[in-house]
Amino acid sequence: MKAWIHFLRGFILKILYPVLMLVGAFLKSKKAEFQAYIVKLNNLLVMRDSVNPRKILLLLPHCIQNSKCDVRLTFDVYKCRRCGSCKVKYLIELAETYNVSIAIATGGTIARKVVKEIKPDAIVAVACERDLSSGIVDTYPIPVIGILNERPFGPCIDTTVNLQKVEEAIKWFINHQEKR
Ligand code: SF4
């Protein structure tokens with residue numbers, strides 16, 4: 001880990017982020033924009049760092065599961081029947097292809113619990129601006145590449161994600177594994 005990146009990420013996540021959230025409390029229409037900006041800055045820095053992750057976690061939000069699906073995935077994503085009605089099927093396939101851990105979190109508390117249990121060296125996280133930025137702050141200094149979800153039906157329901165972006169992020173960490 002490069003010291004200057006570690007320092008700069010710390011500054012952005014622990015100082016700039018709370019300042020922007022304070023400003024966002026007054027400028028509510030700008031809050032999501034600020035959060036997306038933090039995620040973008042974080043990703044840029046993580047991808048300039050020298051990381052050697054042995055264990056990678058793909059962390060997904062609960063809202064990516066089809067809202068009509070009755071399978072409970074919170075404690076075991078592999079209970080998914082892989083019907084293909086939502087992206088969970090394809091994200092599991094990515095996790096299997098690249099041999100990375102995969103988990104679904106219903107909120108920040110569960111996400112923190114999952115990270116504590118799996119103890120990943122690097123995380124590819126999918127979520128909305130709010131959960132992604134706060135999750136990246138919470139898990140610092142673990143390197144996280146954050147990918148914003150897509151919300152064709154509005155927030156928190158039947159969300160989706162660009163699979164190519166997820167795959168690229170996993171591959172980025174894996175390529176750095178191979179350089180060890
Ligand atoms: S792919 Fe899995 S999680 Fe999605 S609807 Fe089908 S069984 Fe449910």
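None of these values were measured; they are calculated from a predicted model. (Residues numbered from 1 in each chain as written. Predicted model: local features only at pLDDT ≥ 70, side-chain atom pairs only at ≥ 80, totals over all residues. Heavy atoms only, no water.)

1. Examining the pairing of strand β1 (residues 56-61)
Here's step 1: When you tally the buried positions in β1, you get 6 out of 6 residues, the bulk of the element.
Here's step 2: Side-chain alternation along β1 places Ile56, Leu58 and Leu60 on one buried face and Leu57, Leu59 and Pro61 on a second face that is also buried.
Here's step 3: Pairing of β1 with strand β3 (residues 122-127), which is carried by 4 bridges, proceeds in the parallel orientation. Among the inter-strand pairings, Leu59 is bridged to a residue of β3, identified as Ala125.
Here's step 4: Taken together, the 5 bridges between β1 and strand β2 (residues 101-105) define a ladder with parallel strand orientation. Residue pairing in the sheet places Leu58 in a bridge with Ile102 of β2.
Here's step 5: With respect to chirality, the unit in which β1 leads through helix α3 (residues 88-98) into the neighbouring parallel β2 is right-handed. (Buried < 20%, exposed > 50% of the residue type's maximum accessible area, 1.4 Å probe, protein only. Helix = DSSP H or I, 4+ residues; strand = E, 2+ residues; numbered from the N terminus. Pairing = 2+ DSSP bridges. Right-handed = clockwise from strand over helix to strand, strands pointing away.)

2. Focus on a nonpolar patch on the surface
Here's step 1: Taken together, the side chains of Trp4, Phe7, Leu8, Phe11, Ile15, Val19, Val23 and Leu27 make up a nonpolar region of the molecular surface, amounting to roughly 750 Å² of accessible area.
Here's step 2: Residue Val19 is classed as partly exposed on the basis of its relative accessible area of 45%. (Patch = residues over 30% accessible without salt bridge, like charges linked within 9 Å, V, L, I, M, F, W, Y side chains within 5 Å. Areas by Shrake-Rupley, 256 points an atom, 1.4 Å probe, with all protein chains shown as cover. Salt bridge = Lys/Arg side-chain N within 4 Å of Asp/Glu carboxyl O.)

3. Some details on the sheet that holds β1
Here's step 1: Read across the open sheet, the 4 strands follow the order β2-β1-β3-β4; overall the sheet is parallel. A single partner strand is all that each edge strand has here, and the edge strands are β2 and β4 (144-148). For this sheet, the mean inter-axis angle between neighbouring strands, taken without regard to orientation, is 20°.
Here's step 2: Sheet topology places β3 next to β4; 5 bridges connect them, and they run parallel. When the bridges of β4 are listed, Val124 appears paired with Ile145.
Here's step 3: Packing against the sheet, α3 makes contact with β1 and β2, and its axis sits at approximately 150° to β2.
Here's step 4: Together, β1, β2 and β3 form the strand contacts of helix α4 (residues 108-118), whose direction differs from that of β1 by roughly 165°. (Axes fitted to C-alpha atoms, helices over the stretch in contact; angles between N-to-C directions. Contact = heavy atoms within 4.5 Å.)

4. Overview of the packing of helix α1 (residues 3-26) against helix α2 (residues 31-46)
Here's step 1: Packing of α1 against α2 brings their axes to within 10 Å, and their N-to-C directions diverge by 180°. If you check the angle between α1 and α2, you find them roughly antiparallel. Taking contact as the criterion, the partners of Trp4, Ile5, Leu8, Arg9, Ile12, Leu13, Leu16, Tyr17, Leu20, Met21, Val23 and Gly24 in α1 are, on α2, Lys31, Phe34, Gln35, Tyr37, Ile38, Leu41, Asn42, Leu45 and Val46.
Here's step 2: Of the residues contributing to the contact of α1 with α2, the split by class is 16 nonpolar, 3 polar and 2 charged. (Parallel < 35°, antiparallel > 145°, perpendicular 65-115°, else oblique. Nonpolar A, V, L, I, M, F, W, Y, C, P; charged D, E, K, R; others polar.)

5. Concerning the pattern of salt bridges
Here's step 1: All told, the structure shown has 8 salt bridges when counted by the stated rule.
Here's step 2: Its salt-bridge partner being Glu33, residue Lys30 comes within 3.7 Å of it at the nearest N-O pair.
Here's step 3: Take Lys30: its relative accessible area is 34%, and that puts it in the partly exposed class.
Here's step 4: With a shortest N-O distance of 2.9 Å, Asp70 and Arg81 are connected by a salt bridge. Note that Asp70 is positioned in the loop between β1 and α3 and Arg81 in the loop between β1 and α3, a separation of 11 residues in sequence.
Here's step 5: Taking the relative accessible area as the measure of exposure, Arg81 reaches 59% and is therefore exposed.

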